[in-house]
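Each chain, written out:
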Amino acid sequence: MKPIYILSLIAIYFCVLLLIAYLTGKSDSNETFFKANKKSPWYVVAFGMIGASLSGVTFISVPGWVQSSQFSYMQIVIGYLFGYFVIAYLLIPIYYKLQITSIYEFLKHRFGTTSHKTGALFFFVSRVLVASFRLFLVASVLQYFIFDAWEIPFEITVIFSVLLIWMYTFKGGIKTIIWTDTFQTLFMLIAVCATIYIILTKLNWSISDVFNSSEFQKYSQILFLDDFNDNKHLIKSFLGGMFIAIAMTGLDQDMMQKNLTCKNIKEAQWNVISLGFVLILVNFVFLTLGALLFVYAEKLGIAIPIIDGSVKTDLLYPEIALNGDLGITIGIVFVLGLIAAAYSSADSALTSLTTSYCIDILDIENRKKSKQKSIRKKVHIAISILLVLVIVTFRYILEDNIISSLLQIVSYTYGPLLGLFAFGIYTKHAIKDQYVWIIALLSVIICYFLNNYSVQILNGYIFGYELIIINGLLTFIGLYLIRKPAK
């Protein structure tokens, strides 16, 4: 598929997004930008959150992960579901009761200003890294398949990508995101289903042929129970997935900001629970796509792309869709699906980072009314520039599969949030608030040391995604040590 055709599709797609932004962002108020005036239908929020939860990382990297990890990711996804129940019936009632704009305001009510700022800063770092991971992936694909042909630098590709997001979020904020995410989720799901259908047609397979074939079965193992030291072991993956969901959704301003736009607690809970069940099905479909891609590549002798000497399984899907012999239809659905998946998470990340920084760090609600909108717009621009800088940096330091790298980062950065909220909810202790940032930082450093030297000091044990639990537990213990004497 020629680069100019791909670029034309992207242009048409973003014209639609800009139209949605125009219709939803007319008021341009902070109430609309931060809260969508508390009028979002729960089913619209829930459907849009599918795309935000999956992102371009799932769209490309999860299928590419099948070669090394088979269907072990499903163990993590099942853990997600149990985490969503915790979010729905423990965290959401707390947030609605406090009537907060940023969920980290809970830490201020519970412990004090330092805890509030610490939680917000850890979210800020976490979400910047996560959003940058996701945008890095789509920018890499655009670079490899479009802009390299025109000798346009990667940095320009990144600026172009972030600028497009800024253009349709700078006015309507979360209200625009609710509706653009719905539109983008629809395109993403159509794209993956259409790709599977086209590959099956090309292979002359039915659905039953897929699951009965020996080629598919060598990629499709779900449960890993043999070696507990293996980071893919069922227990480690399930628990890691459960707590990653609690942290990345329930303790994440990006995801919770959408939930807080629902009319009441009940609708917000329906939103989260329905999301958990749908994600099991959707992720299984993505993994099935991944297995089919590798089977198809083997049968036709399609090589996995290599960049700078490294094999990039993340790029197998775009390689087959854009350079294979499956026809222009799959190229079109892939491009639309990729853009939809990538930007459905990145746009909400930019909005939530702006919200959290304004509410938690700058305390914008206590600033002069006449200056609040101006402050929000300046922060929005500044965070867009920050994302560009971080994404460009990733080009020179990332070597692993994107989804694997993403989940590792999450284990470090969201762990302290897990410990802070757990201590605030499950104990009644007051703490020496001024030391909270030290406890959180020490927890990350200790976890980094444990993860890198676990084989030597823990008799061959390799940490998986349960590292986030260890991180949260260390923070919890640290907070207990700095508790104030009971009065």
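All values derive from a computational prediction rather than experimental measurement. (Residues numbered from 1 in each chain as written. Predicted model: local features only at pLDDT ≥ 70, side-chain atom pairs only at ≥ 80, totals over all residues. Heavy atoms only, no water.)

Describing the overall build of the chain
We count it as follows: Think of it this way: any DSSP run of H or I at least four residues long counts as a helix, any run of E at least two long counts as a strand, and we number them from the N terminus. Any two residues having at least one pair of non-hydrogen atoms within 4.5 Å are treated as being in contact. With residues, only the protein chains shown are counted as cover, and all accessible areas are computed by Shrake-Rupley using a 1.4 Å probe.
Looking only at helices and strands, one finds 20 helices and two strands in the chain. Restricting the contact set of the chain to residue pairs at least 6 apart, pairs at least 24 apart contribute 85%. If you sum the accessible surface of the chain, you get close to 19700 Å²; carbon and sulfur atoms cover 65% of it.

Some thoughts on the packing of aromatic side chains
Here a ring pair, both rings aromatic, is described through the centre-centre distance and the interplanar angle of the planes. Spelled out, the test is: Aromatic pairing here means that ring centres of Phe, Tyr or Trp (its six-membered ring) are within 6.5 Å. Orientation follows from the plane angle: under 30 degrees is stacked, over 60 is edge-to-face, and everything else is tilted. Only protein chains enter the area calculation, which uses a 1.4 Å probe; residues under 20% of their type maximum are buried, those over 50% are exposed, and those in between are partly exposed.
Counting across every chain of the model gives 19 aromatic pairs. Each ring, one from Phe85 and one from Tyr89, has its centre 6.5 Å from the other, and the planes form 20°; the classification is stacked. Taken together, the positions of Phe85 and Tyr89, both in helix H4 (residues 73-98) and four residues apart, correspond to about one turn of that helix. With a relative accessible area of 33%, Phe85 lands in the partly exposed category. Among the residues examined, Tyr89 registers a relative accessible area of 54% and is labelled exposed. Taken together, a centroid distance of 6.3 Å and an interplanar angle of 15° make the contact between Phe211 and Phe284 stacked. Here Phe211 is found in helix H9 (residues 207-212), whereas its partner Phe284 is found in helix H13 (residues 265-300), with 73 residues between them in sequence. With relative accessibility at 36%, the residue Phe211 sits in the partly exposed group. Residue Phe284 is classed as partly exposed on the basis of its relative accessible area, which comes to 26%.

Digging into helix H20 (residues 467-481)
An α-helical turn contains 3.6 residues, so any two residues separated by three or four positions project in the same direction. For clarity, the cut-off: A helix's residues, less one, multiplied by 1.5 Å, set its expected span. This arc corresponds to the set of directions leading from the helix axis out to the C-beta atoms.
With 15 residues, H20 should reach 21 Å at 1.5 Å per residue; the first-to-last C-alpha distance of 21 Å fits that figure. If you check which residues of H20 are buried, you get Leu467, Ile468, Asn471, Gly472, Thr475, Gly478 and Leu479. Taken down its axis, H20 places every buried residue within 140° of arc, on the same side.

Structural notes on the packing of H4 against H13
Using the following cut-off: All axes are obtained by fitting lines to C-alpha atoms, using only the stretch in contact for helices, and the reported angles, taken between N-to-C directions, cover 0 to 180 degrees. Here the angle decides the label: under 35 degrees means roughly parallel, over 145 means roughly antiparallel, 65 to 115 means roughly perpendicular, and every other value means oblique. Side-chain classes follow a simple rule in which Ala, Val, Leu, Ile, Met, Phe, Trp, Tyr, Cys and Pro form the nonpolar group, Asp, Glu, Lys and Arg form the charged group, and the remainder, Gly included, forms the polar group.
In contact at an axis separation of 9 Å, H4 and H13 are set at 170° when each is read in the N-to-C sense. With respect to H13, the element H4 is oriented roughly antiparallel. Residues that form the contact of H4 with H13 fall into these classes: 22 nonpolar, three polar and no charged.

A closer look at the side chain of Ser72
Stated formally: In protein, a polar contact requires one atom able to donate a hydrogen and another able to accept it; more generally it is a pair of N or O atoms within 3.5 Å, and residues adjacent in sequence count only if both atoms are side-chain atoms.
Structurally, Ser72 is set in the loop between helix H3 (42-69) and H4. Within the structure, Ser72 has its side chain in polar contact with the backbone oxygen of Ser69 (distance 2.8 Å). Setting aside its immediate chain neighbours within four residues, Ser72 contacts Gln221, Ile222, Phe224 and Lys232.

Observations concerning unusual backbone geometry
The backbone phi angle of Gln99 is positive, close to 55°, even though this residue is not glycine. One can find Gln99 in the loop between H4 and helix H5 (105-110). Residue Gln99 is classed as exposed on the basis of its relative accessible area, which comes to 70%. We note that Asn204 has phi near 60°; this positive angle belongs to a residue other than glycine. Structurally, Asn204 is set in the loop between helix H8 (174-203) and H9.

A few points about a nonpolar patch on the surface
This is how it is decided: Two distance rules govern patches: like charges are joined within 9 Å, and nonpolar side chains (Val, Leu, Ile, Met, Phe, Trp, Tyr) within 5 Å, applied only to residues with over 30% relative accessible area and no salt bridge. When a carboxyl oxygen of Asp or Glu lies within 4 Å of a side-chain nitrogen of Lys or Arg, that pair is called a salt bridge.
A surface patch of nonpolar side chains, amounting to about 640 Å² of accessible area, comprises Tyr435, Trp437, Ile438, Leu441, Leu442, Ile445 and Ile446. Tracing the backbone shows Tyr435 in the loop between helix H18 (415-426) and helix H19 (436-457). With relative accessibility at 39%, the residue Tyr435 sits in the partly exposed group.

Describing the packing of helix H6 (residues 113-147) against helix H14 (residues 316-323)
The condition that has to hold: Note on convention: the crossing is left-handed when the near helix lies turned anticlockwise from the far helix by less than a right angle, right-handed when the turn is clockwise.
Contact pair H6 / H14: the axes reach a minimum separation of 11 Å and the direction vectors enclose 35°. Regarding H6 and H14, the two cross each other, and that crossing is right-handed. Facing H6, whose interface residues are Val141, Tyr144 and Phe145, H14 presents Pro318, Glu319, Leu322 and Asn323. Its residues assigned to classes, the contact of H6 with H14 comprises five nonpolar, one polar and one charged.

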